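# Fold and contact review
So the chains spell out like this:
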Amino acid sequence: MKIGIVLHTVSGHTLKFAQAIRDRLVEKGHEADLSGLKVVGSPRIGFLPGGGGQFSIKSPPELDEFEVVLIGAPVWGFKPSSVIMKYLVEDVKRLKGKRALSFVTMMGLGGKRAIAMMDNELENAGADVLEGEALPWFMGGNKQDLDAAVDRICARIGG
């Protein structure tokens, strides 16, 4: 199966999660492509009012070639990063016939809400949305929690 993984990361935690997912999918015989969003400008982090700051996404990845799409982001102020939401709202349009899954990393709370917001946009694009995964990442994360989350994602995808 051909799987696309698109993410936004600042600290690198979401990237580590995405790399672990990709590596496990490849071990299971899937083809998995990992793309980080390239941001120009200054997205805002946290509870700041007034939207997500002034930024644009340079050359957003196309998803047409993938059967399954995974979208990953950090949680900022109980919501997915403004970068991933901009990508989902403005650049992700045609996912009919594809399965999609959201995943987030977080220092505290807000994972379920962030996933629900991302899933709503994936549904608007026509995807068959699978249950997402929120991974707490405090003090460097926990390898057992990471492995368990990766296993749950692979099981939901079918691999």
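As shown above, the structure is provided for reference.
A brief report on the enclosed structure follows. (Residues numbered from 1 in each chain as written. Predicted model: local features only at pLDDT ≥ 70, side-chain atom pairs only at ≥ 80, totals over all residues. Heavy atoms only, no water.)

Summarising the element assignment, threonine 105 is placed in strand β7 (residues 99-106). Given a relative accessible area of 5%, threonine 105 falls into the buried group. Spatially, the C-alpha atoms of threonine 105 and glycine 72 are 8.1 Å apart, while their sequence positions differ by 33 residues. Among all residues touching threonine 105, those that are not within four sequence positions of it are His13, Thr14, Phe17, Ala73, Pro74, Val75, Leu135 and Trp137. Looking at threonine 105, its side chain comes within polar contact range of the side chain of threonine 14, at 2.6 Å. (Helix = DSSP H or I, 4+ residues; strand = E, 2+ residues; numbered from the N terminus. Buried < 20%, exposed > 50% of the residue type's maximum accessible area, 1.4 Å probe, protein only. Contact = heavy atoms within 4.5 Å. Polar contact = N/O pair within 3.5 Å; in protein donor to acceptor, adjacent residues only side chain to side chain.)

Inspection of the secondary structure puts glutamate 133 in strand β9 (residues 133-136). Take glutamate 133: its relative accessible area is 6%, and that puts it in the buried class.

Right, let's talk about the pattern of salt bridges for a bit. Scanning all chains against the criterion turns up 12 salt bridges. Glutamate 131 is the partner of arginine 156 in a salt bridge, and the nearest nitrogen-oxygen pair spans 3.6 Å. Of this pair, arginine 156 sits in helix α4 (residues 143-157) while glutamate 131 sits in the loop between β8 (128-129) and β9, and the two are 25 residues apart along the sequence. For arginine 156, a relative accessible area of 22% corresponds to the partly exposed category. (Salt bridge = Lys/Arg side-chain N within 4 Å of Asp/Glu carboxyl O.)

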